[in-house]
Structure formats: C-alpha cells, structure tokens
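# Per-entry structural report
One letter stands for each residue in the lines below.
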Amino acid sequence: MRNRPRRIGQILGMGLCSVLLAGCGWSSGESSQEETKQDRTAHSAMEGGQAKKAQAQPRSEAPKGASTEVSIDNFTFDPPKLTISAGTKVTWINHDDVPHTATSTTKPRAFDSGTLDTDEKFSFVFAAPGTYDYFCAVHPKMTGQVIVK
C-alpha cells in the first residue's frame, strides 16, 4: 500500500508529459492522409514554378511603410548602418545589461530615446529622406547610421 501513492504519481506524471508533448506539436511521425495530400500539392506547386518567390530584403534594408529593429547588445548597434524607405518605423531594443541611448547627432535632435534599460524599446518613424547619424549618449563611441531614401 505504501507504494500506491508513488505509483499513482508516476502514472499521472507520464500522462501529463504526454499531454504536454502533444500540445507542443510532438508527433510519432504518422500523418493523416489529408496532411500528406496537402504536402504533395504544395511540393508539386513549387516544382512547377507556381510558388511565388519571396523578395528577400537584406537585414539592413526595410520596405516602404514597414518597421524594422536595431538591436543594442555588447556595446554595439546591430545593424550599425540601416537603409530604409521614408515612413519606416525603426525600433531600438536594448538587449545589453547596461543602459544605452539612441540619440541623433544633429542639433536640434531629430530623435532621442532617453536612457533605455535592459529590454526597453524606443521607436521613431523616419518621414523625411536623409542620413541620420546617431550615438549612445552614455557610451559616445557607440555609433550608428540610418539612411532614409
């Protein structure tokens, strides 16, 4: 009788693991006939050239009216140089362990994030074409550039 609560706990634990794995999309490798048919149809469309090819944008370029991100980490802006279309929203995200800023070098400042702590964000929409140099006011050797076309 003493082992009965332990055995019940083990069985419940295995059941819970099964439910979690099923919810995460884990599969035994079997698929339904419908899924297989869909996969074949998609594959055939690609072979026949019917699938549209996505126009790849380099990481440092964003399409017009879009948004893009600049990561702040290890005392750098990534990408350090960004080319975008007018109307694009740029969001800086501080992934570093120390505070940083994204501050325009022009006076008056075109934009200034203020101090961004870890995982804080700042966004700015670049409406006018031009070249916008910026830096971190806390660490002035950190620089970046946004080119708006």
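As the structure is a prediction and not an experimental result, all values here were calculated from the model.

Another point: the overall build of the chain. Helix and strand counts for the chain come out as 2 helices and 9 strands. Taken from the N to the C terminus, the helices and strands of the chain come in the order α-α-β-β-β-β-β-β-β-β-β. When the accessible surface of the chain is summed, it comes to about 10700 Å², and 54% of that surface belongs to carbon and sulfur atoms.

With that settled, consider the environment of His 100. Inspection of the secondary structure assignment puts His 100 in the loop between strand 5 (88–94) and strand 6 (103–104). Each C-alpha atom of the pair His 100 and Phe 75 lies 8.4 Å from the other, and the pair is 25 residues apart in sequence. Not counting residues up to four positions away in its chain, the partners in contact with His 100 are Ile 72, Phe 75, Asn 94, Gly 114, Thr 115, Leu 116, Cys 136, His 139 and Met 142. A polar side-chain atom of His 100 sits 3.0 Å from a polar atom in the side chain of His 139.

Ranked by internal contacts, the top residues of the largest apolar core, which has 19 residues, are Phe 77, Trp 92, Phe 111, Phe 126, Tyr 134 and Val 146. Going through the elements one at a time, strand 2 (67–73), strand 4 (81–84), strand 5, strand 7 (121–126), strand 8 (130–135) and strand 9 (143–148) are the ones with two or more residues in this core. Residue contacts for Phe 126: discarding those within four places in its chain leaves Ile 84, Ser 85, Ala 86, Gly 87, Thr 88, Val 90, Trp 92, Phe 111, Tyr 132, Val 146 and Val 148.

Moving on to unusual backbone geometry. In this structure, Pro 79 follows Asp 78 across a cis peptide bond, with omega equal to 5 degrees. Among the secondary structure elements, Pro 79 is positioned in the loop between strand 3 (76–78) and strand 4. In this model, Lys 107 is joined to Pro 108 through a cis peptide bond whose omega is 0 degrees. Secondary-structure assignment places Pro 108 in the loop between strand 6 and strand 7.

This paragraph deals with the packing of aromatic side chains. Each pair of aromatic rings is reported with the distance of its centres and the angle of its planes. Under the defined criterion, the tally for this structure stands at 10 aromatic pairs. Residues Trp 92 and Phe 111 carry aromatic rings whose centres are separated by 5.2 Å and whose planes lie at 25 degrees to one another, so their mutual orientation is stacked. Separated by 19 residues along the polypeptide, Trp 92 in strand 5 and Phe 111 in the loop between strand 6 and strand 7 bring together distant segments of the chain. Here Trp 92 and Phe 111 have matching classes, each one buried. With 5.0 Å between their ring centres and 70 degrees between their planes, Phe 126 and Tyr 132 make a pair best called edge-to-face. By relative accessible area, which is 0% here, Phe 126 ends up buried.

Here we come to the sheet that holds strand 3. The strand order across the open sheet formed by 4 strands is 3-2-5-7, and the pairing between neighbours is mixed. The open sheet has two edge strands, strand 3 and strand 7, and neither has a second partner. With strand direction ignored, the average angle separating the axes of adjacent strands in the sheet is 25 degrees. Bridge count for strand 2 against strand 5 is 6 bridges, and the pairing is parallel.

Okay, the confidence of the model for the chain next. Averaged over every residue, the pLDDT of the chain is 74; residues scoring 70 or more account for 56%. Low pLDDT, under 50, characterises residues 16–59; the predicted model gives this stretch 9 contacts beyond four residues in sequence or across chains.

Attention shifts here to the side chain of Thr 103. Its place among the elements puts Thr 103 in strand 6. At 3.0 Å, the side chain of Thr 103 forms a polar contact with the side chain of Asp 112. Setting aside anything within four residues of it in sequence, one finds Thr 103 in contact with Arg 109, Phe 111, Asp 112, Asp 133, Tyr 134, Phe 135 and Ala 137.

Definitions and limits used
- Residues numbered from 1 in each chain as written.
- Predicted model: local features only at pLDDT ≥ 70, side-chain atom pairs only at ≥ 80, totals over all residues.
- Heavy atoms only, no water.
- Helix = DSSP H or I, 4+ residues; strand = E, 2+ residues; numbered from the N terminus.
- Areas by Shrake-Rupley, 256 points an atom, 1.4 Å probe, with all protein chains shown as cover.
- Contact = heavy atoms within 4.5 Å.
- Polar contact = N/O pair within 3.5 Å; in protein donor to acceptor, adjacent residues only side chain to side chain.
- Core = buried A, V, L, I, M, F, W, Y, C linked by side-chain atoms within 4.5 Å.
- Buried < 20%, exposed > 50% of the residue type's maximum accessible area, 1.4 Å probe, protein only.
- Phe/Tyr/Trp six-rings, centres within 6.5 Å; stacked < 30°, edge-to-face > 60°.
- Pairing = 2+ DSSP bridges.
- Axes fitted to C-alpha atoms, helices over the stretch in contact; angles between N-to-C directions.
- pLDDT = per-residue confidence, 0-100.

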